[in-house]
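The lines below spell out each chain.
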Amino acid sequence: TLIAAGYTEPTAVQKATIPAALSGADLLVSSHTGSGKTAAFMLPSLQRMVTTPGRAGRGPRVLVLAPTRELAMQVNKAALTYGQGMRNLRTVALVGGTPYGPQIRMLERPVDFVVATPGRLLDHMNSGRIDFSRLETLVLDEADRMLDMGFLTDIEAIVAQTPANRQTLMFSATLDGVVGQLARRLTRNAQRVDIGATPTRKADIEQIMLFADDMAHKTRLLDALLRATDMQQCVVFAATKRSTEELCGILSDSGFSVAALHGDMQQGQRTRTLQRLRDGHTQVLVATDVAARGIDVAGISHVINFDAP
C-alpha cells in the first residue's frame, strides 16, 4: 500500500517518530508542513489496529485534532489511502461548514478514526454522539496553529473527556511558549523530536518586501506583480474576510481569474474553490489565513501578503 502511494524512503520525522509511537510513548514533535508528519502518526496507529484488537464499543480508537477543515479532510483521506488494505477500516471527518446529518449517521456505527476540527467535535460531544471510552491515541496536528486560532479552551474540554491512559502525540512547528505549556499538561514523560526545516526547501524561496505610499498604490503594485511574466498561480493573503471579498472583486474587474477563500464559506464551496485552483482554472486565490497550512497546490509560483499577517 505504501509503495503504491509513492512511499519508498521514510522522511526524517517518520524515521524518528514511528518507532517511538509504536512503543506507546507520548511524543512532542517539532516539524514543519511538508515533512511527512501525517504518515508519521498515521502509520503506527494503523499498525496497532492490525496487531491489537480494540476494546468493545463504537467510539474511535484514534482521534486527530486539526486546525482547519482542509487539513482535517486531507488527514482523513490519508488514513483511507494508507489503510486501504485493511478490512472494515472506518474513518469519519467531523468538520464545520458541512451538514450534520451524514456525520451523525457515520457516528451511529463503530468507527476507528475520527479526524476533527475542535468546534464541530465539541458540538457532537455535547450532543452525546461520541464515546471516547476505547480511545487509545490522541493526535494534535498543527497544535500551534490551533492555539493561534483560539482553540485552547475547546482542546482542553475535549481532552478532559478522553481516557487518562491514552497515548498523546503532539505535532507543531514550535514547542515553545503556550504550546509548550499545553504539551506539559497533556502528555506524560513525552519524548521530544525536533526536525528542522531542510535547507534545500529554504533555498528555493526568494522573499521581497515592497513599500507602498497608500492603499491605491498598494493595489497597483499587486496588479503589476500578478501580470509579471513569471507568475503562474498565486495566493494573495488578506487580513479579513471582508478585505478578501473586496480584493477579489477588484482583481476580477481587472480581468484576472480569481477566487476567494475564507472561513465564512461553506465547506463545499471551499473544496470546489481549491479544486479549481489545483486544476489550473483559477490563477489567483485571495484568502485569509484559513489557507495558511494544509494546502498543497503544485502550480503556485508566488505568495503575496497583501496585508500584514
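Residues numbered from 1 in each chain as written. Predicted model: local features only at pLDDT ≥ 70, side-chain atom pairs only at ≥ 80, totals over all residues. Heavy atoms only, no water.

S.K.: Can you walk me through the pairing of strand β6 (residues 167–172) in this structure?
M.R.: Here is the key point about a regular strand: its side chains alternate between the two faces of the sheet. Across the 6 residues that make up β6, a large majority, 6, are buried. A two-sided burial pattern is seen for β6, the buried positions comprising Q167, L169 and F171 on one face and T168, M170 and S172 on the other. Sheet topology note: the strand β5 (residues 137–140)/β6 ladder contains 4 bridges and is parallel. Residue pairing in the sheet places L138 in a bridge with T168 of β6. (Buried < 20%, exposed > 50% of the residue type's maximum accessible area, 1.4 Å probe, protein only. Helix = DSSP H or I, 4+ residues; strand = E, 2+ residues; numbered from the N terminus. Pairing = 2+ DSSP bridges.)

S.K.: Would you explain unusual backbone geometry in this entry?
M.R.: One can expect most non-glycine residues to show negative phi and most peptide bonds to be in trans. Phi angles above zero are rare outside glycine, and E142 is one such case at about 55°. By the element assignment, E142 lies in the loop between β5 and α6 (143–148). Looking at E142, the relative accessible area reads 4%, which means it is buried. The backbone of N189 shows a phi angle near 50°, a positive value even though the residue is not glycine. By secondary structure assignment, the location of N189 is in the loop between α8 (177–186) and β7 (191–194).

S.K.: Explain the sheet that holds strand β2 (residues 62–65) to me, please; I cannot follow it from the model alone.
M.R.: Hydrogen bonds along the backbone pair up the strands of a sheet, which may run parallel or antiparallel. Taken in spatial order, the 7 strands of this open sheet run β3-β4-β2-β5-β6-β1-β7, and their pairing is parallel. Of all strands in the sheet, those with a lone pairing partner are β3 (91–94) and β7, marking the two edges. Taking each pair of neighbouring strands and ignoring which way they run, the sheet shows an average axis angle of 15°. In this fold helix α3 (residues 69–82) packs onto β2, β3 and β4 (113–116), with an angle of close to 175° to the strand it touches most, β3. (Axes fitted to C-alpha atoms, helices over the stretch in contact; angles between N-to-C directions. Contact = heavy atoms within 4.5 Å.)

S.K.: Mind showing me how you'd approach α8 here?
M.R.: Count 3.6 residues to each turn of an α-helix, and residues three or four apart come out pointing the same way. Taken together, the buried positions of α8 are V179, G180, L182, A183 and L186. Projection of α8 onto a plane perpendicular to its axis shows the buried side chains occupying an angular sector of 160°, all on one side. Check the buried side of α8 and you find it contacts β1 (27–30), β5, α6, α7 (152–159) and β6. (Arc of directions from axis to C-beta.)

S.K.: So what exactly am I meant to see when it comes to a nonpolar patch on the surface here?
M.R.: There is a patch of nonpolar side chains on the surface, built from I208, L210 and L225 and spanning about 290 Å² of accessible area. Structurally, L225 can be placed in helix α10 (residues 215–226). (Patch = residues over 30% accessible without salt bridge, like charges linked within 9 Å, V, L, I, M, F, W, Y side chains within 5 Å. Areas by Shrake-Rupley, 256 points an atom, 1.4 Å probe, with all protein chains shown as cover. Salt bridge = Lys/Arg side-chain N within 4 Å of Asp/Glu carboxyl O.)

S.K.: Mind showing me how you'd approach the packing of helix α2 (residues 37–51) against α3 here?
M.R.: The relative placement of two packed helices comes down to the angle between their axes together with the axis-to-axis distance. Closest axis-to-axis distance for the α2/α3 pair is 10 Å, and the angle between their directions is 45°. The orientation of α2 with respect to α3, classified from their angle, is oblique. You can see that α2 and α3 cross each other, and the crossing is right-handed. Across the interface between the two elements, T38, A39, F41, M42, L43 and L46 of α2 pack against V75, A78, A79 and Y82 of α3. By residue class, the composition of the contact of α2 with α3 is 9 nonpolar, 1 polar and no charged. (Parallel < 35°, antiparallel > 145°, perpendicular 65-115°, else oblique. Left-handed = near helix turned anticlockwise from the far one by under 90°. Nonpolar A, V, L, I, M, F, W, Y, C, P; charged D, E, K, R; others polar.)

S.K.: Would you explain the confidence of the model for the protein in this entry?
M.R.: One rule of thumb: low pLDDT means the predicted coordinates there are not for detailed reading. A residue-level look at the protein finds 92% of positions with pLDDT of 70 or above and a mean pLDDT of 88. By mean pLDDT, helix α9 (residues 199–203) is the weakest element of the protein at 50, and β2 is the strongest at 97. (pLDDT = per-residue confidence, 0-100.)

S.K.: Is there a simple way to think about the pairing of strand β10 (residues 284–287) in this case?
M.R.: Every second residue of β10 is oriented toward a common face, with V284 and V286 on one face and L285 and A287 on the other, all of them buried. Two strands pair when backbone bridges link them, and strand β8 (residues 233–237) and β10 are joined in this way by 4 bridges, in the parallel orientation. Looking at the pairing, V235 lines up with L285 of β10. Examined bridge by bridge, strand β9 (residues 258–261) and β10 share 4 bridges and lie parallel to one another. In the sheet register, A259 faces β10, and the bridge partner there is L285. A crossover connection joins β9 to the parallel β10 through helix α12 (residues 267–278); in handedness this β-α-β unit is right-handed. (Right-handed = clockwise from strand over helix to strand, strands pointing away.)

S.K.: Would you take a moment to explain the environment of M170 for this structure?
M.R.: Mapped onto the elements of the fold, M170 is located in strand β6. Sequence-distant contacts of M170, defined by excluding residues within four places in its chain, comprise L27, L28, V29, L140, A143, V179, L182, A183 and L186.

S.K.: When you look at the nonpolar core in this model, what are you seeing that I'm missing?
M.R.: Side chains of nonpolar character tend, in soluble globular proteins, to be buried together. Within the largest apolar cluster, 31 residues are counted, with the highest numbers of intra-cluster contacts made by F41 and M42. Per-element accounting of this core gives the leading share, 7 residues, to α2. Leave out the neighbours within four places in its chain, and F41 touches V64, V75, V139, D141, L169 and F171. (Core = buried A, V, L, I, M, F, W, Y, C linked by side-chain atoms within 4.5 Å.)

S.K.: Teacher, can you tell me more about the sheet that holds strand β11 (residues 300–305) here?
M.R.: Spatially, β9-β10-β8-β11 is the arrangement adopted by the 4 strands of the open sheet, whose pairing is parallel. The outermost strands of the open sheet, each flanked by one partner alone, are β9 and β11. With strand direction ignored, the average angle separating the axes of adjacent strands in the sheet is 20°. In this fold α10 packs onto β8, β10 and β11, with an angle of close to 175° to the strand it touches most, β11.

S.K.: How do you make sense of helix α1 (residues 12–22) when you look at a structure like this?
M.R.: The complete set of buried residues in α1 reads V13, Q14, T17, I18, A20 and A21. As for α1, its buried residues are in contact with β1, α2, β6 and β7. Note on α1: the residue one or two positions beyond its end, G24, has a positive phi of about 95°.

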